[in-house]
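# Examination of the molecular architecture
Take a look at the letters that make up each chain.
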Amino acid sequence: MAHSLSKQADGIWLNARIAATGDPGNVILDGVMVVRDGLIAWLGAAAALPAEYRSADLAQHDVGRRWITPGLIDCHTHLVYGGNRADEFALRLAGASYEEIARSGGGIVSTVRATRAADEESLFLQSGRRLQALLAEGVTTLEIKSGYGLDLASERKMLRVARRLGEHYPVTVYTTFLGAHALPPEYQGRADDYITLVCEEMLPALHVEGLIDAVDVFCENIGFSVAQSERVFAAAASLGLPVKMHADQLSNIGGTQLATRFKALSVDHLEHLNEADVLAMKDSSTVAVLLPGAYYFIRETKQPPLELLRRHGIPIAISTDSNPGTSPTTSLLLMLNMACTLFRMTTAEALLGVTSHAAQALGQGHKHGLLAAGRAADFVLWDVESLAELAYWSGRNPCHAIVRGGRFSP
Ligand code: NIG
Ligand code: FE
């Protein structure tokens, strides 16, 4: 996309309130930020601004006491897919459960059919519309999983679309290969053979093509067993790729324990997580990613064990899980609201969950989720009086402006 010079955000940002780490307990109330060549050159209290920047001929941006946070990070999405599952929503409202629909040949597999049938251009267009909604709320970094292709060509198509979205839109995309998301119909009754295909053909081929940043598995009774998940993780490890896991969502079959043995970046969902799992996470620096949109949409009643996570100091991230089956949302701000109302997280925890902690869940804490000298100028200006408002409103977008890579976006 062509950006005009006037869209450059280089210069001095004055009169700001800045939550540089995403932690509302650690803010600068009379803040100044200097941006040069797309990077933050200096950030701090106005009174401490070095003389060189006072005298320099810098463009001035008066923030008008608005709040500035790091660009938001959505660290768990299935944004690229064909079609939608509104018909299945109707079945569920009539009483069918997510598991029943999955077992009767609907669910993930129906999106697999639609995704296989869509060509790359159409997938790009459908997914781009969803992405634009996320970006409008201040998302500047996003993870996108494959997992609705379930054969080499279709998984490649999804990951290529994910990469193209990152090139075309003002967002940094991290791709996750989720070949072990569901059993494709042609492998019915042969789950171990499918895992062999994932490990020996799909994973190495897509890795060589540079399409994979991390590897995920849906470890669940209706997904893959611990033993099958272990095979996928071992294959990922042999290629030097980090892993993460859809774990303990509908039951606890030991997924988190396995994930921590492989030093997983994150384990995600976690409604059925127990204390032994949390202790194992602590040892492996694994982030807990909570997905209130999925909890809400499938009308789950078992809550993730927030107190346990807090007691053991586990970093908690929040994400949309944007997908057609369990979380058809494109609003990360709504997830902050739900994390607070449904899980009783504090508004401060929720904001950390989409900044620093979300960056850690992607293994990118050194790059994203935090504003400091030397880092990329990826930040959001918010029209709010207090940071708590970011989680307080629902269905309202207080985003005033977004800067990514030192340019106003879009
Ligand atoms: O994160 N649990 C598995 N994957 C998705 C759901 C995918 C689907 O139903 O299409 C999730 O909830
Ligand atoms: Fe998911």
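Residues numbered from 1 in each chain as written. Chains lettered and ligands numbered in written order. Predicted model: local features only at pLDDT ≥ 70, side-chain atom pairs only at ≥ 80, totals over all residues. Heavy atoms only, no water.

Between helix α7 (residues 191-208) and helix α8 (residues 226-238), whose axes approach to 10 Å, the crossing angle comes to 10 degrees. Classed by the angle they form, the pair α7 and α8 counts as roughly parallel. In this structure, α7 contributes Ala191, Asp192, Ile195, Thr196, Val198, Cys199 and Leu203 to the contact, and α8 contributes Gln228, Arg231, Val232, Ala235 and Ala236. For the contact of α7 with α8, the class distribution of residues is eight nonpolar, two polar and two charged. (Axes fitted to C-alpha atoms, helices over the stretch in contact; angles between N-to-C directions. Helix = DSSP H or I, 4+ residues; strand = E, 2+ residues; numbered from the N terminus. Parallel < 35°, antiparallel > 145°, perpendicular 65-115°, else oblique. Contact = heavy atoms within 4.5 Å. Nonpolar A, V, L, I, M, F, W, Y, C, P; charged D, E, K, R; others polar.)

Let us look at the coordination of the iron ion (ligand 2). Taken together, His76 (NE2), His78 (NE2), His246 (NE2) and Asp321 (OD) make up the protein donors of the iron ion (ligand 2), found 2.1 to 2.3 Å from the metal. As a motif over one chain, the donors of the iron ion (ligand 2) read H-x1-H-x167-H-x74-D. Taken together, the positions of His78 in the loop between β6 (72-74) and α2 (86-93) and His246 in strand β10 (residues 243-247) put the pair 168 residues apart, joining distant regions of the chain. Both residues of the pair, His78 and His246, count as buried. (Donors = N, O, S within 2.8 Å, 3.2 Å for Na, K, Ca; no water. Buried < 20%, exposed > 50% of the residue type's maximum accessible area, 1.4 Å probe, protein only.)

This model, assessed by the stated rule, comprises ten aromatic pairs. Note on Trp13 and Phe408: the rings are 5.7 Å apart at their centroids and 40 degrees apart in plane angle, and the pair reads as tilted. One end of the pair, Trp13, is in strand β1 (residues 11-18); the other, Phe408, is in strand β16 (residues 407-409), and 395 residues separate them in sequence. Trp13 sits in the buried class, given a relative accessible area of 3%. Given the relative accessible area of 23%, Phe408 is considered partly exposed. With centroids separated by 6.4 Å and ring planes inclined at 35 degrees, the aromatic side chains of Phe124 and Tyr169 adopt a geometry described as tilted. You can see Phe124 sitting in helix α5 (residues 120-135) and its partner Tyr169 sitting in the loop between α6 (152-168) and β8 (172-180), a full 45 residues away along the chain. Accessibility assignment for this pair places Phe124 and Tyr169 in one class, buried. (Phe/Tyr/Trp six-rings, centres within 6.5 Å; stacked < 30°, edge-to-face > 60°.)

Moving on, we come to the site of ligand 1. Looking at ligand 1, there are 15 residues lining it, with Arg85, Tyr98, Tyr148, His181 and Thr326 nearest. Thr326 is positioned such that a nitrogen or oxygen atom in its side chain is 2.7 Å from an oxygen atom of ligand 1. In the complex, 100% of the free accessible area of ligand 1, which totals 330 Å², lies under the protein chains. Of the residues contributing to the shell around ligand 1, the split by class is four nonpolar, nine polar and two charged. (Near = heavy atom within 4 Å. Polar contact = N/O pair within 3.5 Å; in protein donor to acceptor, adjacent residues only side chain to side chain. Areas by Shrake-Rupley, 256 points an atom, 1.4 Å probe, with all protein chains shown as cover.)

A word on the side chain of Asp268. Along the chain, Asp268 falls in strand β11 (residues 266-269). The buried charged residue Asp268 lacks any salt bridge partner; its closest oppositely charged side chain belongs to Lys145, at an N-O distance of 4.7 Å. Of the polar contacts made by the side chain of Asp268, one reaches the side chain of His76; its length is 2.7 Å. Those residues in contact with Asp268 that sit more than four places away from it in its chain are His76, Met245, His246, Ala247, Val289 and Leu291. (Lys, Arg positive; Asp, Glu negative; His and termini not counted. Salt bridge = Lys/Arg side-chain N within 4 Å of Asp/Glu carboxyl O.)

In a packed pair of helices, the relevant descriptors are the angle between the two axes and the axis-to-axis distance. Contact geometry for α6 and α7: axes closest at 10 Å, N-to-C directions at 35 degrees. In the crossing of α6 with α7, the sense of the turn from one axis to the other is right-handed. Along its contact with α6, which presents Leu152, Glu155, Arg156 and Leu159, the element α7 presents Met202, Ala205 and Leu206. Within the contact of α6 with α7, the residues separate by chemical class into five nonpolar, no polar and two charged. (Left-handed = near helix turned anticlockwise from the far one by under 90°.)

What follows is about helix α13 (residues 332-343). For α13, which comprises twelve residues, the first-to-last C-alpha distance of 15 Å matches the rise-based estimate of 16 Å (1.5 Å per residue) to within 8%. Among the twelve residues in α13, nine count as buried, and that is most of the element. Near the N-terminus of α13, the side chain that reaches the backbone nitrogen of Leu334, with its oxygen 3.0 Å away, is that of Ser331. Once α13 ends, the next one or two residues include Arg344, with phi positive near 65 degrees. (Expected span 1.5 Å × (residues − 1).)

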